[in-house]
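Read off the chains here:
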Amino acid sequence: MSPRRLVLWRHGETDYNAAGRMQGHLDSALTPVGWNQARFAVPALARFSPDLVIASDLRRATDTATVLTDAIGVPLRIDKRLRETHLGEWQGLTGAEVDEAYPGERRRWRTDATWAPPGGENRLDVAERAGEVVTDLLQANSEVGDTVLLAAHGGLITALTAHLLSLPVETWPSLGGISNCHWVELGRRDDRWRLHAYNAGMHG
């Protein structure tokens, strides 16, 4: 059985999030707030009854995923194709530092899905590698169950959502960001993905 529902879950707050630094492939750690966000989300995510959780190999996503899988007893796979966007020369910098060194380019990056930071990936690159994970799940012999949860990163989740919905590339930047430990829910019917919820989460 191939999945009829995907839940794309962003990791909890990290030390880089708290400091306003750009992470990309840098392997930052969850803060105490981030761990609590993950625990707080478990009851809501458990209601989706995921059959499988697949996490990015970056520890902020893997640690977030483990909070859920330990609580509800479902299998966890690790897949590096779910890593966040590689931000090239911007990784580790604050937004202000990027704006000083690369004037105007952060705005261009936010408004053009085909543009990449120096030495990094664009959103199309990210969506293509993440989309391969979903394609693998949809293979006739995948036998992964009805619902799969992907524990990943905000930029990847936004790009993958746009890709799975077949949105025109010029509209991709119109999708808002995903908050820490919030999620996107997609349902599949008639061989098409449909958006059921975007940036959903627990507030408290």
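About the thresholds
- Residues numbered from 1 in each chain as written.
- Predicted model: local features only at pLDDT ≥ 70, side-chain atom pairs only at ≥ 80, totals over all residues.
- Heavy atoms only, no water.
- Core = buried A, V, L, I, M, F, W, Y, C linked by side-chain atoms within 4.5 Å.
- Buried < 20%, exposed > 50% of the residue type's maximum accessible area, 1.4 Å probe, protein only.
- Helix = DSSP H or I, 4+ residues; strand = E, 2+ residues; numbered from the N terminus.
- Pairing = 2+ DSSP bridges.
- Axes fitted to C-alpha atoms, helices over the stretch in contact; angles between N-to-C directions.
- Contact = heavy atoms within 4.5 Å.
- UniProt positions renumbered as here; feature names shortened; annotations may be inferred.

Asks: Honestly, the nonpolar core in this entry has me stumped. Any pointers?
Replies: One broad trend across soluble globular proteins is that nonpolar side chains are buried collectively. With 28 residues, the main nonpolar core has Leu6, Leu8, Ile54, Leu82, Val148, Leu150 and Leu186 as its most contacted residues. Put simply, the parts of the chain that give this core at least two residues each are strand E1 (5–10), strand E2 (52–55), helix H6 (123–137), strand E4 (147–152), helix H7 (154–164) and strand E5 (183–189). Counting residues in hydrophobic clusters, the runner-up holds 18 residues, among them Val7, Trp9, Ala41 and Ala65.

Asks: I keep staring at the sheet that holds strand E3 (residues 76–78) and nothing clicks. Help me out?
Replies: Read from one edge of the open sheet, 6 strands run E3-E2-E4-E1-E5-E6, paired in mixed fashion. Of all the strands in the sheet, just E3 and strand E6 (192–200) have a single pairing partner and so form its edges. The mean angle between the axes of side-by-side strands here comes to 20°, regardless of whether they run parallel or antiparallel. Where E1 and E4 come together, 6 bridges link them in parallel fashion. For Leu6, the partnering residue across the bridge sits in E4 and is Val148. Of the strands in this sheet, E1, E4, E5 and E6 are in contact with H7, which crosses E1 at around 155°.

Asks: Explanation requested: the UniProt feature "binding site: substrate" (unreviewed entry) in the protein in the structure shown.
Replies: On the UniProt side, "binding site: substrate" (unreviewed entry) is annotated at positions that read Arg10, His11, Gly12, Glu13, Thr14, Asp15, Tyr16, Asn17 and Arg60 here. Tracing the backbone shows Arg10 in strand E1. Not counting residues within four places of it along the chain, the set of residues in contact with Arg10 comprises Asn17, Thr64, Ala152, His153, Gly154, Ile157, Ile178, Ser179, Asn180, Cys181 and His182. Tracing the sequence through the fold places Asp15 in helix H1 (residues 15–19). With near-sequence residues (within four places) excluded, Asp15 lies in contact with Ser28, Ala29 and Thr31.

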